[in-house]
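Coordinate analysis (summary)
As a plain string of letters, each chain reads:
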Amino acid sequence: RFLILIASPQEILLALKKMGLPYSMYISIGVGLTYMPELARQVGVVIEAQRIRGWKIESKANPLSIVKSFAPVVIPVMLRSLMRAEYLGATMVSRGYGLTRKPILLRDISFKRIDYIVIIASITALIHRHSYKPRMLNIANYRYTIFLIVQK
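Anyway, here's the lowdown on the structure attached to this text. (Residues numbered from 1 in each chain as written. Predicted model: local features only at pLDDT ≥ 70, side-chain atom pairs only at ≥ 80, totals over all residues. Heavy atoms only, no water.)

Comments concerning the packing of helix H2 (residues 9–18) against helix H3 (residues 23–52)
How two helices pack is summed up by the angle between their axes together with the distance between the axes. Packing of H2 against H3 brings their axes to within 10 Å, and their N-to-C directions diverge by 160°. When the interaxial angle is binned, H2 and H3 end up roughly antiparallel. Crossing geometry of H2 relative to H3 is assigned as right-handed. Here Pro9, Ile12, Leu13, Leu16 and Lys17 of H2 lie close against H3, whose contacting residues are Tyr26, Ile29, Gly30, Leu33 and Thr34. Within the contact of H2 with H3, the residues separate by chemical class into seven nonpolar, two polar and one charged. (Axes fitted to C-alpha atoms, helices over the stretch in contact; angles between N-to-C directions. Helix = DSSP H or I, 4+ residues; strand = E, 2+ residues; numbered from the N terminus. Parallel < 35°, antiparallel > 145°, perpendicular 65-115°, else oblique. Left-handed = near helix turned anticlockwise from the far one by under 90°. Contact = heavy atoms within 4.5 Å. Nonpolar A, V, L, I, M, F, W, Y, C, P; charged D, E, K, R; others polar.)

Shown next as structure tokens:
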């Protein structure tokens, strides 16, 4: 999430290309990066629409009934996602995705010294976080889980 706040998806894709990732891989990552905010917006819209219709989460019930109560949200979101995937596939075919091994980019970037420093610092922080994870309380995930449970 932090990466998306400081760089546009196009810049992230150019950086991944510059690092030598295959074309299909960085295009897939780009589609995922641009789809996540749209998916979050869709979930919010569907939840609000269902609440207007009187939908409520049964928080005191057993876990199976809680999962069943989310069907009015999950089904419309999945249908919209499938429709979006179909449109995206048609768009990619119409633009000639996969016809060439080396696509032409409109803009190119070059790495500077600060870019390498940030990459090394990020990888170091990621390794450090995962090596000390068993000793931590994992407060962020706990708060997110409580948020999902308490949400009305």
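Back to the text.
Remarks on H2
Residues of H2 that are buried: Ile12, Leu13, Leu14, Ala15 and Leu16. One or two steps after H2, the chain reaches Gly20, where phi turns positive at roughly 100°. (Buried < 20%, exposed > 50% of the residue type's maximum accessible area, 1.4 Å probe, protein only.)

Side note on the layout of surface pockets
Approximately 480 Å³ is the volume attributed to the second largest pocket. As for the second largest pocket, its lining consists of 18 residues, of which Tyr23, Ile27, Met92, Arg95 and Tyr97 are closest to the centre. Counting only elements with at least two residues in the lining of the second largest pocket, the list comes to H2, H3 and helix H5 (71–94). Here the lining of the second largest pocket takes five residues from H3, the largest share from any one element. Its residues placed into classes, the lining of the second largest pocket shows ten nonpolar, seven polar and one charged. (1 Å grid on protein atoms, 1.4 Å probe; cavity = no way out; pocket = protein on both sides within 12 Å on 5 of 7 lines; lining within 4 Å. Points joined across faces, edges and corners; volume = space filled by probe spheres on them.)

Digging into the packing of aromatic side chains
Tallied over the entire structure, the rule returns one aromatic pair. Here Trp55 and Phe70 contribute two aromatic rings whose centre-to-centre distance is 5.6 Å and whose plane-to-plane angle is 70°, an arrangement assigned as edge-to-face. Residue Trp55 is found in the loop between H3 and helix H4 (63–69), and its partner Phe70 is found in the loop between H4 and H5; the two are separated by 15 residues along the sequence. A relative accessible area of 13% places Trp55 in the buried class. (Phe/Tyr/Trp six-rings, centres within 6.5 Å; stacked < 30°, edge-to-face > 60°.)

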